[in-house]
Amino acid sequence: MKLEKEKAKHLAELARLEVSEEEAAEFSHQLSEVLDYAGKVREAPVEGVEPTIHLLPLTNVFRDDEVKPFLTREEALVNAPRREEGFFRVPRILEEN
Amino acid sequence: MELSTLSLKEIGDALRKKTVSAREITGVFLERINRFNPELNAFVTVAEEEALAAADEADHRLARGERVTPLTGIPVAVADTICTKGLKTTCASRMLANFIPPYDATVVSRLKEAGAVIIAKTNSDEFGAGTTTGYSAFGPVRNPWDKNREPGGDGGAAAVAAGLAPLAVSFDTGGSLRRAAAFCGVAGLKPAYGSVSRYGLAALAPSLEQIGPLARRVDDLALLYQVLAGPDPLDATSLPADGPGRGGEELTGPAASGKGLRIGLPREYFTGDKLQAAVKERVLAAAGIITGEGGEQVDLTLPSTEYALAAHILLAAAEASSSLARYDGVRYGYRSPEAADIDLLYKKTRTEGFGSEAKRRILLGTLVLSAGSYNDYYLNAQKIRTLVIREFAEAFTKCHLILTPVTREVPGRAGEERSPLRQYQDECYTVGANLAGLSGLSVPCGLVDGLPVGVQLLAPAGREALLFQAARTLEAAVGEFSPPILRG
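Residues numbered from 1 in each chain as written. Chains lettered and ligands numbered in written order. Predicted model: local features only at pLDDT ≥ 70, side-chain atom pairs only at ≥ 80, totals over all residues. Heavy atoms only, no water.

J.: Looking at this structure, I do not really get the packing of helix α4 (residues 106-113) of chain B against helix α7 (residues 218-228) of chain B. What am I missing?
T.: A pair of packed helices is captured by two measures, namely the crossing angle of their axes and the spacing between those axes. Residue and element names in this part refer to chain B. Contact pair α4 / α7: the axes reach a minimum separation of 8 Å and the direction vectors enclose 115°. Between α4 and α7, the interaxial angle falls into the category roughly perpendicular. The residues of α7 that touch α4, namely those facing V107, R110 and L111, are L224, Q226, V227 and L228. Split by residue class, the contact of α4 with α7 holds 5 nonpolar, 1 polar and 1 charged. (Axes fitted to C-alpha atoms, helices over the stretch in contact; angles between N-to-C directions. Helix = DSSP H or I, 4+ residues; strand = E, 2+ residues; numbered from the N terminus. Parallel < 35°, antiparallel > 145°, perpendicular 65-115°, else oblique. Contact = heavy atoms within 4.5 Å. Nonpolar A, V, L, I, M, F, W, Y, C, P; charged D, E, K, R; others polar.)

J.: Mind showing me how you'd approach the environment of F396(B) here?
T.: Residue and element names in this part refer to chain B. Positionally, F396 belongs in the loop between α12 (374-395) and β9 (401-405). Among the residues examined, F396 registers a relative accessible area of 7% and is labelled buried. The spacing of F396 and P460 is 64 residues in sequence and 7.7 Å in space, taken between C-alpha atoms. What F396 contacts, discounting residues up to four positions off in sequence, is L401, I402, L438, L458, A459, P460 and R463. (Buried < 20%, exposed > 50% of the residue type's maximum accessible area, 1.4 Å probe, protein only.)

J.: I keep staring at the pairing of strand β11 (residues 451-459) of chain B and nothing clicks. Help me out?
T.: Within a regular strand, the side chains alternate between the two sheet faces. Residue and element names in this part refer to chain B. Across the 9 residues that make up β11, a large majority, 9, are buried. Across 9 bridges, strand β10 (residues 439-448) lies against β11 in antiparallel orientation. Its bridge partner lying in β11, G446 is registered against V453. If you look at the hairpin formed by β10 and β11, you'll find 2 residues sitting between the two strands, and D449 has a positive phi there, around 55°. (Pairing = 2+ DSSP bridges.)

J.: Is there a simple way to think about the packing of aromatic side chains in this case?
T.: Any two aromatic rings considered together are summarised by their centre-to-centre distance and by the angle between their planes. On inspection of all chains with the given rule, the structure shows 12 aromatic pairs over all chains. Judged by centre distance (6.0 Å) and plane angle (40°), the ring pair of Y225(B) and F468(B) falls under tilted. Of this pair, Y225(B) sits in helix α7 while F468(B) sits in helix α15 (residues 464-478); the two residues are 243 residues apart in sequence, bridging distant segments of the chain. Here Y225(B) falls in the buried class, since its relative accessible area comes to 4%. Residue F468(B) is classed as buried on the basis of its relative accessible area of 0%. Stacked on the ring of F87(A), the Lys or Arg R73(A) has its end atom at 5.0 Å from the ring centre. Stacked on the ring of Y334(B), the Lys or Arg R94(B) has its end atom at 4.8 Å from the ring centre. (Phe/Tyr/Trp six-rings, centres within 6.5 Å; stacked < 30°, edge-to-face > 60°. Lys NZ or Arg CZ within 6 Å of the ring centre and 35° of its normal.)

Quick look at the structure:
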C-alpha cells in the first residue's frame, strides 16, 4: 500500500507531531515500503481464527482494596516541567469568561 | 586476579573469603568503565557514587555475617528504560534526558534486595525502538569485538562482553536483547511473558516485551534470571506464584547429556537466502552438540513464520503509538519552551522530544489503529498472532526445545544506511518468541570472520531448567571466547 505524503501529514496531525514537507515525503516513502511488506497480513489464512487479545490466561487479577503508601505529592511533582502551588502548570486551557 | 573475567561464583567465593571487598570489585569495574566506555558508549549514566555506597553496604553485610546471595556485591548494568529511584533514566531519548524517577522498577528493587550494585544505566535505541542503537539520542554503542561493527539494539551486551560489568539487565520487544547478545558474544535471555515484572519499565510494546538478563556465562545468566523473575502485584500481567516456570527448579549446574532430548529445527528458519551460509553452519553444528549422542533432531514446520514478522511490525507500531502518547510535556520529561497554548505544547514537545524512529512507529501505529485500517492490519496481525502461538504449542508437543539462528548474518558495519523495513527484517528469527510469549535464550556458538555468532533456543514457560541445561551443554563444547578488550 502506498502511503501518500498528505496521509503522512494527516497521521502526524492526529498524533500531535509536526512534520516538515521533507519529513512527510521521507516518512511517506519509508512507510510505503513497510506497508508493502506488512500488507501480506491481509493474505494470511486467518479465516475463522480468533485474534489474540492477551497472551496469558489470566482474568481479573484482584488485590485487597487497601491504601498503601506510594508517591507523596512532592515526589509526584518532582519531574514536572512547570508547577505551581502543588499542581502541574500548563498554558491556559479555558477561555476567560 | 583478573576480576573482569571471573564468574559470579568465583567472585562470590573471593568475597566470602574476604580476599577482595565489594568496594574493590566495584572499583575495578568503574576503572574499566572510565577507560573503555568513552569509545564504546555502552552507558548513558555511570552511577559511581551510588555504586560505591551499595558496595559498602554489601561489605557491611558480609562483615556482619548476614545473609548474602550470589549477587551480593556484584555490579550490574541496568537498561536506561528501567526506572531507578533517584538515578537518571533517559530511555536514550531527548524526551527524558533529565528524568529522575521517584521510584524503582520491581526488577531494580529485586536487585537491590539481593545486594547487587547498580553501576550504570545502559544505552540503547530510543525507547528500545531499533536494532542497532543508531537511534539513541546519545549516540550509538560500539561493538567491543570491532568498533566498526554494530552491537545489536542494546548496550547491555556490549558492556558485559567488554567487562564493564559482569551482568546486565535489558529488555526485548522483538529481539534486541538476543541480537545484542549474539553480536557481542554473550548469553542473553528474553524470559517467557509474565515471568519477570514489567513494573517500572518504560513501555514501548507492552504485550510483546520482557525484561531479561545478560551475562558472559550461562550459570551467571541463570542466577540473575532467578533474582529478576517472580510474581509482582504491581504488574497485572505477571504470572502468579503457582504459574508455569515458578517451580523454583535448579537452573544452574553441570551440563547434562542430550539423552532423550528432542530439539526441533523449524524449516522456515533455515531456508531463507538471506541466511549467511557460515552462520547457518555454526547454528546447525550447535544443534548437533546439544542433541549429542542420545538426543534427536526433529524436523518442524511453522508455516505462519511467513507472516509473523509482518504481524510483529504492525503490532509493535500500534502499541508504540499508544505507549508513547503519554509524553506530552505536562507531568514529566521534556517540555518545549515555545508553547503558547496547550495544543502547541503537546505538538512542539513531541516534535522536538522524539527522534525519527519513535515518530515513524507513532505514525505507522496511528495508521493501523485508525478506523479505515484497523481490520486490514491490526486485527489480521492479532489473528496471525493466534496462529503463531498455536503452531509453537503444537511444535512443543513434538520436541522439548526449538533451535534457530538469532541473526541472519554477523554484525553489520556501524552506521550503515538501511531502510526502516530492512532494519525490522533484522528481527525475523526473534519476533516469534515475543508474539508467542516464549522464553528465548541466545548463546554464543562460535565465530565467523572473527565475529561472534549466536544460536537461539526457544521454550515455553515452565521449561527454563531444560533451556539453561541445553545452553550449558553448548557453552561447555564451544569453550570460552571473548574480545581482546576484556583482558585489556
